[in-house]
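# Structural features, examined
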Amino acid sequence: MNKFICEDYNEMSRVVADLVIEQVKSKHNSVICFPSGESPAGMFKNLVTDAHEGKVDFSKCYFVGLDEWVGMGKDDEGSCTNFLYEHFFTPARIDPARIMLFDARAADLDASCKAMDDFIKLRGPLDMMLVGIGMNGHIGLNEPGTSFNLYSHHSPLAPLTVSVGQKYFKQQTPLHEGITLGLKYLREAKIPILIAAGARKADIVAKALQGEVTNQVPASIFQTLPQSCVILDEGAAQGLVY
């Protein structure tokens, strides 16, 4: 596990964007998993600007979405899909044929998981898998207690995730279940990357990176991934002991 401590969120966003660009330049048809949310927003802003300025060409890449709230899709403001389109896919002019996202509105969620797994199996393994960390240590929507050995799956959301997740919506929104890439994809990804920013993440970051490796703190899997990168700002890193 390689750790990078950045001065602030803006520097962290630039560092992560540069790693993505380096990956795309080294392999033009890279398969990259992106999350939604506050943590990667700055990275997306940089990548869109860089694409418009001709510093990177995403036209041959494939992009996979990390997760989604069950029952939501592209047109639902606050959904992961909506976020990815608004902040990256649309402004970066990514060909929809090169995007694979969960169909979280599907009547058969297991079939939606299989479609995702088949897409990655055909083109993978993931060259780069970027994730954030939840306040309970979750990765994507792999909640505490989730096995490290799952591929795509769907499961109930933890109460804390439901509570924190409300920040993405303009009004109180029922959230019950999530569909997500499993933690086994992190184990198989060529470059797994964890990003976190802000002092509010300091305690869970320290627990994940320097505490017990346990599926009760899903992000602790990063301690077992020698090929991984952890990129933090000073606020998120302040709980680490050196």
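Quick caveat, the model's predicted, so the values are computed rather than measured.

On to a negative patch on the surface, then. Side chains of Glu7, Asp8, Glu11 and Glu234 sit close together on the surface and give a patch of like negative charge. Here Glu234 is to be found in helix H8 (residues 234-237). Glu234 gets classed as partly exposed once you look at its relative accessible area, which sits at 47%.

Strand order in the open sheet formed by three strands is S4-S8-S7, and the pairing between neighbours is antiparallel. One side of each edge strand has no neighbouring strand; the edge strands of this open sheet are strand S4 (67-69) and strand S7 (153-156). Direction aside, the axes of adjacent strands within the sheet are offset by 20° on average. As paired elements, S7 and strand S8 (residues 177-180) share four bridges and run antiparallel to each other. Bridging from a neighbouring strand, His154 pairs with Ile179 of S8.

Here Thr173 is to be found in the loop between helix H5 (159-165) and S8. Judged by its relative accessible area of 15%, Thr173 falls in the buried class. At 2.8 Å, the side chain of Thr173 forms a polar contact with the backbone oxygen of Gln171. Excluding residues within four positions of it along the chain, Thr173 makes contact with Met72 and Gln166.

Let us look at the sheet that holds strand S3 (residues 62-65). Spatially, the seven strands line up as an open sheet ordered S1-S10-S9-S6-S2-S3-S5, and their pairing is parallel. Every other strand in the sheet has two partners, leaving strand S1 (2-6) and strand S5 (99-100) as the edge strands with one partner each. The pairing of strand S6 (residues 128-131) with strand S9 (residues 191-196) spans four bridges and is parallel. Residue Leu130 lies in a different strand from S9, and its bridge partner there is Ile193. Along the sheet, helix H2 (residues 38-52) makes contact with strand S2 (31-34), S6 and S9, crossing S2 at roughly 135°.

The amide bond that connects Gly124 to the next residue, Pro125, takes the cis arrangement and shows omega of 10°. Looking at the secondary structure, you find Pro125 in the loop between helix H4 (109-123) and S6. Of note, Arg93 is a non-glycine position whose phi angle comes to about 60°, a positive value. Mapped onto the elements, Arg93 comes out in the loop between helix H3 (80-89) and S5. A relative accessible area of 66% means that Arg93 is categorised as exposed.

The rules we used
- Residues numbered from 1 in each chain as written.
- Predicted model: local features only at pLDDT ≥ 70, side-chain atom pairs only at ≥ 80, totals over all residues.
- Heavy atoms only, no water.
- Patch = residues over 30% accessible without salt bridge, like charges linked within 9 Å, V, L, I, M, F, W, Y side chains within 5 Å.
- Areas by Shrake-Rupley, 256 points an atom, 1.4 Å probe, with all protein chains shown as cover.
- Salt bridge = Lys/Arg side-chain N within 4 Å of Asp/Glu carboxyl O.
- Lys, Arg positive; Asp, Glu negative; His and termini not counted.
- Charge placed at Lys NZ, Arg CZ, Asp CG, Glu CD.
- Helix = DSSP H or I, 4+ residues; strand = E, 2+ residues; numbered from the N terminus.
- Buried < 20%, exposed > 50% of the residue type's maximum accessible area, 1.4 Å probe, protein only.
- Pairing = 2+ DSSP bridges.
- Axes fitted to C-alpha atoms, helices over the stretch in contact; angles between N-to-C directions.
- Polar contact = N/O pair within 3.5 Å; in protein donor to acceptor, adjacent residues only side chain to side chain.
- Contact = heavy atoms within 4.5 Å.

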